[in-house]
Amino acid sequence: MYTEMKEDKGARWFELECVPKEYIFPTEYRPQNLESPVCDSIPVISLANSKAENGHSQPVEEILKASQELGFFQVINHGIPEKTVTDAMNVLKEFFDMQVKDTTTETVPRKKGYIYTNSTDFAKDGVHLWRENFKHPCHPLEECIHLWPDTPTRYQEVIAAYIVEIQKLSTRILEMICEGLGLEQGYFKDTSEVQFLSSNFYPPCPDPSLTLGILPHVDPSLITILYQGGSTGLQVIKDGQWVNVGAIPNAFVVNIGNQLEIISNWKFKSAKHRVVTSTHETRRSIATFVNPSPNCIIEPAKNLVNELEPTLYKASQNLVNELEPALYKPSQYKEYVLHSNAFGDDTAAIQNGLR
């Protein structure tokens, strides 16, 4: 069922008994398996486990396998203080709660350096997503902080502390990926940045079978590090089916972006994922995108490809082991972002904010 959107200045846009027609997706886009069980085959990897295995530590082996088979995994024992994460989630909750006092339907002025979109955010053919979204650049951190919101008053301090910890974690994970792929240590040192943060608020929905929080997509990143705040709703494609990603306390979801898929010469997979809504659960999440620097040339790593002509490849397979011809052409990351409209309607604004 659906209803017309009624104006009630005392209520938020989602406090309705039925889904407004402007939020109802065409049948082919609607989620069909909301009650499917959580997929217990999505790896949960402890970064504290250093048991040697096949010449690599166990976490390296597990990350390598997960990146090859699914492109999604969760990490625990990651070293980020629980208080840092809790403070970040709380201050973002405060930010979203403050928006109810703003009666405008436009985005927060972009001159400030961040983008807030409420439920008028278009997703597909004029249909709205069931979410509010807030994003801003994070690199270089010291130059970006003053562009972030002034209220809540502790926002800048709390989120800066969170980004510092995410940078440490992303560096650690990328170093493990280097080891697993056989790339030299530090391969990503000068070409990876925690470029921006995107936080989402998904309120309860009267009928989740009609709506979506985020459309199916792959991330234009090296890796994305997501904190779910203990709430479900994230789904990933596995064996052609949408499966639910479990919400594990104090864990971070890590997914392989399409830029790392390119660098790995398709040894790693960038999985399509989406967010569905719930009738009773509020979901808040923080996604941090670890991207190549804007001017970086993205191409398959040299020691992962066979540089012989493709016509000679089959005859030379016994000489090149598991190396393959380069499956992707080199491209500058900022050009890729613009040409692919990687961030939708916000692509130009985000690109202008990157350093």
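Rules and cut-offs
Residues numbered from 1 in each chain as written. Predicted model: local features only at pLDDT ≥ 70, side-chain atom pairs only at ≥ 80, totals over all residues. Heavy atoms only, no water. Helix = DSSP H or I, 4+ residues; strand = E, 2+ residues; numbered from the N terminus. Buried < 20%, exposed > 50% of the residue type's maximum accessible area, 1.4 Å probe, protein only. Contact = heavy atoms within 4.5 Å. Areas by Shrake-Rupley, 256 points an atom, 1.4 Å probe, with all protein chains shown as cover. Pairing = 2+ DSSP bridges. Expected span 1.5 Å × (residues − 1). Axes fitted to C-alpha atoms, helices over the stretch in contact; angles between N-to-C directions. Phe/Tyr/Trp six-rings, centres within 6.5 Å; stacked < 30°, edge-to-face > 60°. Lys NZ or Arg CZ within 6 Å of the ring centre and 35° of its normal.

Enquirer: Any details on the overall build of the protein? Residues and values, ideally.
Expert: The secondary structure content of the protein amounts to 9 helices and 20 strands. Looking at the protein as a whole, 52% of its 355 residues qualify as buried. Across the protein, the fraction of contacts at a sequence separation of at least 24, relative to all contacts at a separation of at least 6, is 76%. In the structure as shown, the protein presents an accessible area of about 16,800 Å², 51% of it carried by carbon and sulfur atoms.

Enquirer: So what's going on with the pairing of strand S10 (residues 132–137)? Residues and values would help.
Expert: The element S10 is largely enclosed, with a buried count of 6 among its 6 residues. Judged by which residues are buried, S10 turns out to be covered on both faces: Glu132, Phe134 and His136 on one side and Asn133, Lys135 and Pro137 on the other are all buried. Two strands pair when backbone bridges link them, and strand S7 (residues 115–117) and S10 are joined in this way by 3 bridges, in the antiparallel orientation. For Thr117, the partnering residue across the bridge sits in S10 and is Asn133.

Enquirer: Can you lay out helix H1 (residues 58–69) for me, pointing to particular residues and giving the numbers?
Expert: Helix length check: H1 (12 residues) gives 17 Å between terminal C-alpha atoms against 16 Å at 1.5 Å per residue, within 8%. Regarding H1, the residues found buried are Gln58, Pro59, Val60, Glu61, Ile63, Leu64, Ala66 and Ser67. Positioned one or two residues after H1, Gly71 has a phi angle of 85°, which is positive.

Enquirer: Describe the sheet that holds S7, naming the residues involved and giving the relevant values.
Expert: Strand order in the open sheet made by the 8 strands is S3-S6-S16-S13-S18-S11-S10-S7, with mixed pairing throughout. Bordering the open sheet on either side are strand S3 (44–46) and S7, each of which pairs with just one other strand. Mean inter-strand twist for the sheet, computed between neighbouring axes without regard to direction, equals 20°. Where S10 and strand S11 (residues 193–202) come together, 6 bridges link them in antiparallel fashion. Following the sheet pairing, Phe134 is matched in S11 by Ser199. Packed on one face of the sheet, helix H2 (residues 82–98) meets S7, S10, S11, strand S13 (223–227), strand S16 (252–256) and strand S18 (283–291) and runs near 115° to S18.

Enquirer: Break down the packing of aromatic side chains for me, with residues and values.
Expert: Counted by the stated rule, this structure contains 18 aromatic pairs. Note on Tyr114 and Phe134: the rings are 5.4 Å apart at their centroids and 75° apart in plane angle, and the pair reads as edge-to-face. You can see Tyr114 sitting in the loop between H2 and S7 and its partner Phe134 sitting in strand S10, a full 20 residues away along the chain. Exposure class is identical for Tyr114 and Phe134. Each is buried. Through pairs of rings, three or more aromatic residues link up here, namely Trp13, Phe14, Tyr23, Phe95, Phe96, Tyr114, Tyr116, Trp130, Phe134, Trp148, Tyr155 and Phe201. In this arrangement the basic side chain of Lys269 is found over the ring face of Trp266, its NZ or CZ atom lying 4.5 Å from the centre.

Enquirer: Describe H2, naming the residues involved and giving the relevant values.
Expert: Between its first and last C-alpha atoms H2 spans 24 Å; for 17 residues at 1.5 Å apiece the expected length is 24 Å, and the two agree. Of the positions making up H2, those classed as buried are Thr84, Val85, Asp87, Ala88, Met89, Val91, Leu92, Phe95 and Phe96.

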